[in-house]
Amino acid sequence: MSSNLAQKLRCGTQQSHAAIENMGFMKCFLQGVVDRSGFAKFLGNLYYIYSELEAALEDHKDDALINPVYFPELNRKANLEQDLQFYYGYDWRGQSLPLKATQNYIARIRELSNREPELLIGHAYTRYMGDLSGGQMLQKVAQSVLKLSGYEGTSFYNFEQIPDKRVFKDRYRQALDSLPIDDATADKIVAEANHAFQLNMQIAQELEEGLIKTIGRAMFNTLINGNNSGSAANSY
């Protein structure tokens, strides 16, 4: 049975891609408006998300639907720990606390892990394929603006076990399409991927509030109303 899930996810999340791409936080980031503390906070919240998501995927890795799309080489938790130690030092755990939106995200992952683990696929797709795509652009911006050398402070974006991202993404899509699921289940996974986008947007909105306090409302409005020089939300 071929579900054509990869194409369904690609087409079914296009509006979500556009919505997150047009958020003020993302527009500012792409224009180089990011400071060390703001970027560290961003990564700190991602740490909590990936810790929960990767634990859930590990718990269900032998599930008939999870196993074909379970790729440990995608795991980001250890990389994020390196980054947080770089920004905060060895006591980073006490300095990096989850936002309210992040806590909601974690709660959703736990709910799915307990009730409908196959829907975790929608979250894995949204996060990892985004990291392998537009996330690489965000890394370049952070490296340039924060004057970082190598992968220091941006290890999160370094997939050292995936030398060719394009080849891997094709492999990931093939794995999605190989899943033995019916159309109803595929539609639920697409819906959950859109929910994942919404949860990510809620985190960005909270981070945006901090950004506005830092640069001022007038400057923020100028930046988001100007022409955006690039796109981070490539279609997967």
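So, here is what we can say about the structure in this document. (Residues numbered from 1 in each chain as written. Predicted model: local features only at pLDDT ≥ 70, side-chain atom pairs only at ≥ 80, totals over all residues. Heavy atoms only, no water.)

Observations concerning the overall build of the protein
Inference 1: For the protein, the helix and strand inventory stands at 11 helices and 0 strands.
Inference 2: The globule rule puts the C-alpha radius of gyration for 236 residues at 18 Å, and the 17 Å found for the protein is close to it.
Inference 3: By principal-axis analysis of the C-alpha atoms, the protein measures approximately 55 × 40 × 35 Å.
Inference 4: Here the protein holds 236 residues, and the buried ones make up 52% of them.
Inference 5: Contacts spanning at least 24 positions in sequence make up 85% of the contacts within the protein whose residues lie at least 6 apart.
Inference 6: When the accessible surface of the protein is split by element, carbon and sulfur atoms take 47% of a total near 10900 Å². (Helix = DSSP H or I, 4+ residues; strand = E, 2+ residues; numbered from the N terminus. Rg over C-alpha atoms; globule rule 2.2 N^0.38 Å. Buried < 20%, exposed > 50% of the residue type's maximum accessible area, 1.4 Å probe, protein only. Contact = heavy atoms within 4.5 Å. Areas by Shrake-Rupley, 256 points an atom, 1.4 Å probe, with all protein chains shown as cover.)

Looking at the side chain of E192
Inference 1: On the secondary structure map, E192 appears in helix α10 (residues 183-215).
Inference 2: Overall, the relative accessible area of 4% leaves E192 in the buried class.
Inference 3: Side chain to side chain, E192 and H123 meet in a polar contact 2.6 Å long.
Inference 4: Among all residues touching E192, those that are not within four sequence positions of it are R108, L112, L119 and H123. (Polar contact = N/O pair within 3.5 Å; in protein donor to acceptor, adjacent residues only side chain to side chain.)

Some thoughts on the packing of helix α6 (residues 100-115) against helix α7 (residues 120-132)
Angle between the axes and distance between the axes are the two parameters that describe a pair of packed helices.
Inference 1: Contact pair α6 / α7: the axes reach a minimum separation of 9 Å and the direction vectors enclose 140°. The orientation of α6 relative to α7 falls into the category oblique. Where α6 abuts α7, its residues Y105, R108, I109, L112 and S113 lie against L120, H123 and R127.
Inference 2: Residues that form the contact of α6 with α7 fall into these classes: 4 nonpolar, 2 polar and 2 charged. (Axes fitted to C-alpha atoms, helices over the stretch in contact; angles between N-to-C directions. Parallel < 35°, antiparallel > 145°, perpendicular 65-115°, else oblique. Nonpolar A, V, L, I, M, F, W, Y, C, P; charged D, E, K, R; others polar.)

Description of the nonpolar core
Inference 1: Residues L5, F39, L43, L74, Y172 and L176 are the most contacted members of the largest nonpolar core, which totals 78 residues.
Inference 2: A per-element tally of this core places α10 first, with 13 residues. (Core = buried A, V, L, I, M, F, W, Y, C linked by side-chain atoms within 4.5 Å.)

What to know about the pattern of salt bridges
Inference 1: Counted by the stated rule, this structure contains 12 salt bridges.
Inference 2: In this structure, E111 and R115 form a salt bridge, with 3.0 Å as the shortest nitrogen-oxygen distance. Remark: R115 and E111 occur in helix α6; sequence separation between them is 4 residues, near one turn of the helix.
Inference 3: Classification of R115 as partly exposed rests on a relative accessible area of 47%.
Inference 4: The network of salt bridges with common partners includes R108, E111, R115, E116, K188 and E192. (Salt bridge = Lys/Arg side-chain N within 4 Å of Asp/Glu carboxyl O.)

Details of the packing of aromatic side chains
Inference 1: Going through the model one piece at a time under the given rule, you end up with 15 aromatic pairs.
Inference 2: Site record: aromatic cluster; members linked through ring pairs are F25, F29, F39, F42, F86 and Y87.
Inference 3: The ring of F159 has R76 sitting right over it, with the charged end atom 3.7 Å from the ring centre. (Phe/Tyr/Trp six-rings, centres within 6.5 Å; stacked < 30°, edge-to-face > 60°. Lys NZ or Arg CZ within 6 Å of the ring centre and 35° of its normal.)

Re helix α2 (residues 14-21)
Inference 1: What α2 keeps buried is the set S16, H17 and I20. Mapping the buried residues of α2 onto a view down its axis gives an arc of 105°, with all of them on the same face.
Inference 2: Those residues of α2 that are buried are in contact with α3 (24-30) and α10. (Arc of directions from axis to C-beta.)

Examining the environment of M23
Inference 1: Structurally, M23 is set in the loop between α2 and α3.
Inference 2: For M23, a relative accessible area of 8% corresponds to the buried category.
Inference 3: Along the backbone, M23 and P180 are 157 residues apart, and their C-alpha atoms lie at a distance of 36 Å.
Inference 4: With residues up to four places along the chain from it excluded, the contact list for M23 reads M201, A204, Q205 and E208.

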